[in-house]
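A look at the structure
What follows is the residue order along each chain.
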Amino acid sequence: MDDMEIVSALLANLAERLGRERYEMWFGGQTRLTLRPQGLLVETAGRFYQDWIRNNFRRDLEEVVTAVVGRTVPLEFAVDASLTVADVAVT
């Protein structure tokens, strides 16, 4: 599986785990996941989203990543103000 397929699998598992409505609210276009050699980068449209996801969904992200990748992967959070609801969640 390449990185894009892994991220797609992560997002699908996360949507199943959280439910479609909660997933769309927090991981729709305002959040982007990027798998990098040093870990999973979680970029959000703003500080509010970043803090909310870190505080409320970190464990879900860690468990989904471990299930899909087969090992623990460090999470890194960052703000990318260019993200909007219209953007794609996968890179």
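Residues numbered from 1 in each chain as written. Predicted model: local features only at pLDDT ≥ 70, side-chain atom pairs only at ≥ 80, totals over all residues. Heavy atoms only, no water.

**Description of the pairing of strand β2 (residues 39-44)**
- Counting buried positions over the six residues of β2 gives six, a clear majority of the element.
- Pairing analysis gives six bridges linking strand β1 (residues 31-36) to β2, with the strands arranged antiparallel. Pairing of Arg32 across the sheet is with Glu43, part of β2.
- Between β1 and β2, which pair antiparallel in sequence order, lie two residues.
- Sheet topology places β2 next to strand β3 (residues 75-79); five bridges connect them, and they run parallel. Following the sheet pairing, Thr44 is matched in β3 by Val79. (Buried < 20%, exposed > 50% of the residue type's maximum accessible area, 1.4 Å probe, protein only. Helix = DSSP H or I, 4+ residues; strand = E, 2+ residues; numbered from the N terminus. Pairing = 2+ DSSP bridges.)

**So, the packing of aromatic side chains**
- Enumeration over the complete set of coordinates arrives at eight aromatic pairs.
- Arranged with centres 5.3 Å apart and planes meeting at 65°, the rings of Trp26 and Tyr49 form a pair that is edge-to-face. Note that Trp26 is positioned in helix α2 (residues 20-27) and Tyr49 in helix α3 (residues 47-69), a separation of 23 residues in sequence.
- Given a relative accessible area of 25%, Tyr49 falls into the partly exposed group. (Phe/Tyr/Trp six-rings, centres within 6.5 Å; stacked < 30°, edge-to-face > 60°.)

**Focus on the confidence of the model for the chain**
- Residues with a pLDDT of 70 or more make up 92% of the chain, whose mean pLDDT is 88.
- For the chain, α2 is the element with the lowest average pLDDT, namely 91, and β3 is the one with the highest, namely 95.
- Note that residues 86-91 has pLDDT below 50 and, in this model, 18 contacts with residues that lie over four places away or in other chains. (pLDDT = per-residue confidence, 0-100. Contact = heavy atoms within 4.5 Å.)

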